[in-house]
Amino acid sequence: MKLPSPRSASVASVIAGAAISASLAFPAFAANDPTPNPGDTAWMLTSSLLVLMMSIPGLALFYGGLVRAKNMLSILSQTFAIVALVGVIYTVYGYSLAFGDGGSLSNYIGGLDKLFLKGVTAASNVATFTPGTVIPEYAYFVFQMTFAMITPALIIGAFAERMKFSAVLLFVAFWVTVIYFPIAHWVWGVADPNALVDAATQLAAAGDEAAKAAAQTKIDEINAAVGWLAGKGALDFAGGTVVHINAGIAGLVGAIIVGKRIGYGKEALPPHSLTLSMVGASLLWVGWFGFNAGSNLEANGATALAFVNTMVATAAAALSWMIVEWLVKGKPSMLGLITGAVAGLVAVTPASGYAGPVGAIVLGLAVSPICLFFVDFVKKMAGYDDALDVFGVHCIGGITGALATGILVSPDLGGVGITDYTNLETFAGTYDMMAQMKAQAIAVVATLLWSGIGSAILYKLVDVIVGLRPTPDQEREGLDITDHGERAYNY
Amino acid sequence: MKLPSPRSASVASVIAGAAISASLAFPAFAANDPTPNPGDTAWMLTSSLLVLMMSIPGLALFYGGLVRAKNMLSILSQTFAIVALVGVIYTVYGYSLAFGDGGSLSNYIGGLDKLFLKGVTAASNVATFTPGTVIPEYAYFVFQMTFAMITPALIIGAFAERMKFSAVLLFVAFWVTVIYFPIAHWVWGVADPNALVDAATQLAAAGDEAAKAAAQTKIDEINAAVGWLAGKGALDFAGGTVVHINAGIAGLVGAIIVGKRIGYGKEALPPHSLTLSMVGASLLWVGWFGFNAGSNLEANGATALAFVNTMVATAAAALSWMIVEWLVKGKPSMLGLITGAVAGLVAVTPASGYAGPVGAIVLGLAVSPICLFFVDFVKKMAGYDDALDVFGVHCIGGITGALATGILVSPDLGGVGITDYTNLETFAGTYDMMAQMKAQAIAVVATLLWSGIGSAILYKLVDVIVGLRPTPDQEREGLDITDHGERAYNY
Amino acid sequence: MKLPSPRSASVASVIAGAAISASLAFPAFAANDPTPNPGDTAWMLTSSLLVLMMSIPGLALFYGGLVRAKNMLSILSQTFAIVALVGVIYTVYGYSLAFGDGGSLSNYIGGLDKLFLKGVTAASNVATFTPGTVIPEYAYFVFQMTFAMITPALIIGAFAERMKFSAVLLFVAFWVTVIYFPIAHWVWGVADPNALVDAATQLAAAGDEAAKAAAQTKIDEINAAVGWLAGKGALDFAGGTVVHINAGIAGLVGAIIVGKRIGYGKEALPPHSLTLSMVGASLLWVGWFGFNAGSNLEANGATALAFVNTMVATAAAALSWMIVEWLVKGKPSMLGLITGAVAGLVAVTPASGYAGPVGAIVLGLAVSPICLFFVDFVKKMAGYDDALDVFGVHCIGGITGALATGILVSPDLGGVGITDYTNLETFAGTYDMMAQMKAQAIAVVATLLWSGIGSAILYKLVDVIVGLRPTPDQEREGLDITDHGERAYNY
Amino acid sequence: MKIVTAIIKPFKLDEVRDALTNIGVHGLTVTEVKGYGRQKGHTEIYRGAEYAISFLPKLKIEVAVDAALVEQVIQAISNTARTGQIGDGKIFVTPLERAIRIRTGETDADAL
Amino acid sequence: MKIVTAIIKPFKLDEVRDALTNIGVHGLTVTEVKGYGRQKGHTEIYRGAEYAISFLPKLKIEVAVDAALVEQVIQAISNTARTGQIGDGKIFVTPLERAIRIRTGETDADAL
Amino acid sequence: MKIVTAIIKPFKLDEVRDALTNIGVHGLTVTEVKGYGRQKGHTEIYRGAEYAISFLPKLKIEVAVDAALVEQVIQAISNTARTGQIGDGKIFVTPLERAIRIRTGETDADAL
Ligand SMILES: Nc1ncnc2c1ncn2[C@@H]1O[C@H](COP(=O)(O)OP(=O)(O)O)[C@@H](O)[C@H]1O
Ligand SMILES: Nc1ncnc2c1ncn2[C@@H]1O[C@H](COP(=O)(O)OP(=O)(O)O)[C@@H](O)[C@H]1O
Ligand SMILES: Nc1ncnc2c1ncn2[C@@H]1O[C@H](COP(=O)(O)OP(=O)(O)O)[C@@H](O)[C@H]1O
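Sequence order as written defines residue numbering, which begins from 1 separately in each chain. Here every chain gets a letter starting at A, and every ligand a number starting at 1, in the order they are written. Two thresholds apply to this predicted model, a pLDDT of at least 70 for residue-level local features and 80 or more for giving and counting side-chain atom pairs, whereas whole-chain, interface and lining totals are computed over all residues. Only heavy atoms go into the side-chain values, all of them from the structure, while hydrogens and water stay out.

Chain D is annotated in an unreviewed UniProt entry as Nitrogen regulatory protein P-II of Methylocystis hirsuta. UniProt positions are given in the numbering used here, feature names are shortened, and annotations may be inferred rather than shown by experiment. Chain D has a UniProt comment under Subunit (unreviewed entry) that states "Homotrimer."

Observations concerning the site of ligand 3
Consider each residue's heavy atoms; a residue with any of them within 4 Å of a molecule or strand counts as near. By nearness alone, 21 residues border ligand 3, and Thr 29, Ala 64 and Arg 103 of chain D together with Arg 38 and Gly 87 of chain F come closest of all. More than one chain lines the surroundings of ligand 3; the residues nearby belong to chains D and F. Throughout this description, a polar contact denotes any pair of N or O atoms lying within 3.5 Å of each other; where both atoms belong to protein, one of them has to be capable of donating a hydrogen while the other can accept it, and for residues adjacent in sequence the pair is counted only when both atoms sit in side chains. Thr 29 of chain D is positioned such that a nitrogen or oxygen atom in its side chain is 2.8 Å from an oxygen atom of ligand 3. Within the side chain of Arg 101 of chain D, a nitrogen or oxygen atom sits 2.9 Å from an oxygen atom of ligand 3. Per-residue and other accessible areas follow the Shrake-Rupley method at a 1.4 Å probe size, with only the shown protein chains counted as cover for residues. Burial of ligand 3 by the surrounding chains reaches 99%, relative to a free accessible area of 550 Å². Numbering of helices and strands starts at the N terminus; helices are DSSP runs of H or I of at least 4 residues and strands are runs of E of at least 2. Those elements that provide at least two residues to the shell around ligand 3 are strand S2 (28-36) and strand S5 (56-65) of chain D together with strand S2 (28-36) and strand S6 (90-95) of chain F.

Considerations on a nonpolar patch on the surface
Candidates for patches are residues over 30% relative accessible area with no salt bridge; among them, like charges are joined within 9 Å and nonpolar side chains (Val, Leu, Ile, Met, Phe, Trp, Tyr) within 5 Å. Whenever a carboxyl oxygen of Asp or Glu lies within 4 Å of a side-chain nitrogen of Lys or Arg, that contact is scored as a salt bridge. Judged by side-chain polarity, Leu 112, Leu 115 and Phe 116 of chain A together with Val 358 and Val 362 of chain B come together as a nonpolar surface patch covering roughly 430 Å² of accessible area. In this fold, Val 358 of chain B is placed in helix H13 (residues 357-382). Looking at Val 358 of chain B, the relative accessible area reads 33%, which means it is partly exposed. To sort residues, take the accessible area from a 1.4 Å probe on protein chains only and compare it with the maximum for the residue type: under 20% means buried, over 50% means exposed, and anything in between is partly exposed.

A closer look at the interface of chain D and chain C
Every residue pair with non-hydrogen atoms within 4.5 Å of one another is taken to be in contact. In this complex, chain D contributes five residues to the contact, which on the side of chain C involves 16 residues. As used here, buried area is the combined drop in accessible area, with a 1.4 Å probe, of two parts when they are placed together. Between chain D and chain C, the buried area comes to about 920 Å², and carbon and sulfur atoms account for 58% of it. Three residues stand out in chain D for area buried against chain C, namely Tyr 46, Arg 47 and Tyr 51 of chain D, and they jointly supply 73% of the buried area on that side. Counting the contacts that link chain D with chain C gives one salt bridge. Where chain D touches chain C, the interface holds six residue pairs in polar contact (both at pLDDT 80 or more).

So, the interface of chain A and chain B
Counting from both sides, the interface comprises 52 residues of chain A and, opposite them, 50 residues of chain B. Where chain A abuts chain B, roughly 4,100 Å² becomes buried across the two surfaces, and 81% of that area is made up of carbon and sulfur atoms. When the buried area of chain A at its contact with chain B is split by residue, Leu 49, Phe 80 and Tyr 491 of chain A rank highest and sum to 16% of it. The interface formed by chain A and chain B contains zero salt bridges. Between the two partners, chain A and chain B, sit nine residue pairs in polar contact (both at pLDDT 80 or more). Of all elements in the fold, only helix H2 (38-64), helix H3 (72-99), helix H4 (137-155), helix H5 (165-188) and helix H18 (479-484) of chain A reach the threshold of two or more residues within the side of chain A that touches chain B. No other element matches H2 of chain A, which puts 14 residues into the side of chain A that touches chain B.

Looking at the pattern of salt bridges
If the charged atoms of two oppositely charged side chains come close together, the side chains can form a pair. A full pass over the atoms with the stated rule returns 59 salt bridges over all chains. A salt bridge links Arg 487 of chain C to Glu 44 of chain E; its shortest N-O distance comes to 2.7 Å. Separated into two different chains, Arg 487 of chain C in the segment after helix H18 (479-484) and Glu 44 of chain E in strand S3 (residues 42-46) make up a pair that spans both. Of the residues examined, Arg 487 of chain C reaches a relative accessible area of 26% and is grouped as partly exposed. Glu 15 of chain E is the partner of Lys 12 of chain E in a salt bridge, and the nearest nitrogen-oxygen pair spans 3.4 Å. Owing to a relative accessible area of 9%, Lys 12 of chain E belongs among the buried residues under this scheme. A cluster of three or more residues bridged by salt bridges with shared partners is formed by Arg 68, Glu 161, Arg 162, Arg 261 and Asp 385 of chain A.

Shown next, in the form of structure tokens:
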């Protein structure tokens, strides 16, 4: 019942560089499989529904409130339909592509062995990060599914109010297949700690050189089969690269390719309901605890740490945006507060299980001015119409978080350091920040390139197939009427 | 300590038909009572608040968004007041009627032994489906309470915008007492698996024929005391019959008896806020995990399965409605998407713990066209004004799900099969689909008849006591002003 | 390891009055620290996010819906910014002040030993109420943080629509520091049951008088170090005094000091969206299970009891308000229903872990008429403009609940009685209601005085520093434009 | 040319529109308004505060027509908008000096 | 007969209505409008985008009255709607040729 | 003096306002209205129910101007509000007998 798992992305690389001490004395794991603890299962199920709540209604409202009333239903429909579409795709082949056995391609993609959830039953379990601890595979499956649902839904904010519903759905179906599942595999296709610990135990118990070599080979094999970014040691606790950088750059590319909204920069395009955006942002915050603390796959002290980091980084980022805006613009806006909070949530995502709470606060304080700069100035200068600031908040916030993770994980800065399951005793204190930052940078750049270029191609493809953009008259009338034949409000 | 429990509704019938093998070798349950696992308790409490969230604000918004602004508060008030009213009734006598000891009437109704929660304390536990596992009775009580709250709230959609507040409350008080509590008892008044296993153990250990006969008698007694639909082997994991068919038919009868809204078919009666309906539908989806996965009464792999089924059936149903509407009407509406999702949730409710995920997807794909047909065509043809399609979605979706459960539970189709606690070893593979379908059909018909006829009588009774309908002028002015003296919006 | 904890507020006083029996035979707690159960941890994390959801979006919507549209964003911003601000403050020094080691001042305030969460790690645990049971300290920390966030957010309803954003933030920063953290310490700065049990075990095992005396001294020391209201035996399960009376009186004082809204009593100032208020109230109800049942710090039968009490008291109070309003005003309003529910939630807060369900229903039925009287009549008579009835609902409801707790905890009335960890055997049945009521009254009066007088001083201070009130023109234009430069709605 | 302005009860709009179409009026403009008059409103109570609502929702219909049509228009509106109860509304006729269709620049009768 | 149309600040509505009732005017129609004039608006900022809002919320009151009452109506409105600050609004008087009460068919002065 | 009333497409407001400001008109009042005319609407479907929406959102602009300016105002509005497609709207000119600025009591031309 092995399974890759988000958090220990660093294990492989760490182990790759560590001499395996022969004095290890792990208790051998007997054949009797561990049973999931109901508490862990309860937490994973709760987390999964929280991440669903982030998409619907959370993100849908956050985004929807920011568009004009005539495009409200288009945002709501796109979000809801993406959730539904990805739910089915994920069951049919997504889970298998992301977390199945990729065989010889296993550094780059999962396999087809779990198509239609083949072999998964209510009795299947997967490993968590604590050796010897498991959760039901269905819980892991559905938790990961909710991540695959929300990521493409994030993208639509960039080209809001001007892309056809059919184009959005087609693009998303392509995008999760070609961009998301592979990247998820690269980063989260990690080694099963139980298998590693088993092999390390063999190594320790090995009587002769041959046995030692065999055990070492086993360890090397396990490590060699992980996703290539995981193999480089990139840390991404809950999805800074896989979710936010990934969606953010895809959004930017889409906004540029589809072009600006009619009237952009000339007419006022004010949010139709900041109230709804605030509700959405609040539900994002609440749900994000499932996203981040759920990524620990268990309910323990480390989970509580991820939870606390999510809380305090977000609080700090909201304050920080408020203060900067107050100083620069003279007034602290509600939209600024909630945008800051989302920027904080994004930034803390990759760091949530690694940083300490004070580090998380510093990260939160830092990310808001950076994102604000992109949202307010860079966007205007560069002249693209990233309607709901998917790039400015998610991509930039995600990059900030991904890089900061390499810093804040350091035990010297209150971080938790990196876990080497095969060598728990000798590892402490050997944290190499430069090496880690390099790994982080590689993950960021790889994601930007694969998602940026890949998405561009997919948009063009969709344009050829169904056309990306409605006619100007349809756009003026609003997508609610032209795409869906309804109006959001009849007061 | 003993307690009926939703899932094992089939136990009785299966056992009834199975020869009890004398070679059973269950470990005897010692007198030392099991203690609830905090993880199970946490999940049951979480599930309970999720089901409350389904009613308020979930259902209230889903329904409320679909009426005209002038009747918004009437929907919100009715839902909220029903929740409050049933909360008190359930504590006073509802729990006792549904799950108390009915003595000689125990096939048809619970008893009065638990009036005012008599004898229930923080230390009382009830059995779950895993022999030897318990949860606090208070958790079970409150979980079941939330079901009793939402079921009558579902009904009000059928006669929305035209029934007096006083009439609604009076009807609900009658209805839960005469219709809901008995039906809940019929279906969920099942045998305690612990008691069954105990008796089976006795049987196995019995030295002589007399002891064997005594043990067998005990088993027969336990099985004889269950609710009559449970006794027929009807499967309803989380409430397809008890909740959805039951509410749906009561709604239809109400819509017909109270008559059409003024202007129905002539004036435009568009939803005043599809945005709010989308929020409501999303919260229904999120909360429904409590409803379905909570119905497993524990947090284990089977719970995760119920969770996954709830996710994927809903996703498939939303997509399915979207596609059918796109093909038939030319445009996929947001309202269609969310209506499809709700239809999927309804249909998967009875099947959620029994089907496999692929079966659940198929069920989701199938239910939407069926419901769409009733909502779009049958309603128009037949000429009733089921304002918010309680019949078309909940009753029809519930029937679809109840019947499909009989199919999808089959291990050949990826389902989990049926558990026989007294004979776990020999049971596998003996699934008899025709027998099961018959049981399902009996449950559907029994519910339609009891609820349909009973509700009709109750509406008439309420009409005599306080009158069902406001005057035409009041109806034109809107129930918010006339019933509650308020307006929902003052922009 | 050690940690004060809400529920056992009564321990100290009880013990203070009880002769410690030498025949105690507790098993000694070995040095091996207990590990948190994942189920308890899952529940505490779930509870924490529920309490966050109470603030945002719950309370923000409940309040926001009740103001005019032009002040909507001011309510949303204030709530959101308070959550963010207190989140940071609490991490920096709030937790330490409330729950750190106060040394010689430990009856009145915590210390500075936990500034910036010093010494807290993912491996730190704190005791719950069950001897030998712990939860991660981070979980306890973040749970308590959410209480510190919502309490000042409650206050703003009293002076809604007329206080400057800068003034609100400054006031809150002062207020949590000077009023909230101390009062939290007074009431919840209780003894660690593990330490008590340890000492009691020593006492029991003591061979000679000297050892006995030493053990007794230890017990006395532990008891002497608790918060002074805890020491008086005041019971406040989840925050009736600390949260509701405290915020309610601070609100009243603020409303009086800042003065009435322009147009109050002359123009119509109707709620701009009762729909949103209903959503807010519903989310408050749902989230309040985290608040109350989370305050048990574990997921067990007692937690389920607190959950049930929260459910039924609220249901009863909503019904009760509805009925009284129907009788007195002729129409049952939606606003009345939800206000009643909130009053019920407030009242049951201190009693939730102590009362029995029937007692909770009676409390719910009783609190609504009392609050209604203040909201409807006293406010008008006295002529203050408590805009959103923070005093009438939270302070009055809180006082009702605090006093009722002293009654309903009585085992004779279905309550759970009071736990004496040092003397579990001999305690049962010795409940002294008069003594308890005195303790409750002292806690109420102390809170009213400290918060009332302290808040008055702080408002005056803030007025001097930044000014409390906008100009009349700004107030007429609405705080959304003047404070935040935005409008909530652009339909 | 004249402008005929009618204040009517909201739910009468469709009927009035149809009646006007029947007599050959193919354009009109509708505004949501609040009317104060003999028809009494209702009282709203929000917690302690009671508000007498005396402004009631009405629709204002404006039709620019050739003078010759005015009588017919008045009849059409009167007949369809009447319920016989207080608050049915008013019809006002005011002079219209010029009319222009923006799209084409046509004027007066041609513009309507 | 005349129609007196006044554009006023929204919070003055109740006062104006009372003043009109006092001089015997028992009906009027109110419309929510946006006014552009000398009174300057405000700026709204949503993330990067700044919008100068120059249209301000106003109420338009329309009163059909007998010509003889016009002067009084103007006085009543002027006195109560005036705050002395820019943006108090305007009063316009236009001719009214006919008036009909839909409910009864009464015309002109009787219809008001 | 005259009142020039124009029914235009909503997104043309800013252009029209600017054009009017350019010719020296510094005040106007805007109302959201629904227009019925040659421009055809759309169909909305909510579950089974289909509604043909024939009333389309328009803006009504009212400008009180000196008679001498009327021609210019008409030109300014016509030029900017025209898209050439059905539904561009109408301009109506009606007489204005008196105008008063509430704040100062100034009248007629001075009040505009
Ligand atoms: N003098 C008036 N000037 C403008 N509008 C008026 C006048 N009198 C009445 N109205 C409008 O006509 C509507 C109906 O008038 P009301 O007096 O209530 O009923 P009825 O016309 O049946 O007597 C009012 O709500 C108001 O909008
Ligand atoms: N020429 C005009 N035509 C129509 N309405 C006007 C005109 N000038 C002003 N208004 C209306 O009168 C309101 C107040 O005018 P404004 O110039 O701001 O203040 P004041 O009337 O005090 O000088 C404007 O908001 C607008 O609604
Ligand atoms: N006779 C009329 N009286 C008042 N308003 C009219 C009249 N005819 C048209 N309108 C208004 O003008 C708008 C545009 O008219 P329409 O016939 O659709 O296009 P066009 O003016 O380009 O021919 C309508 O929506 C309506 O608001």
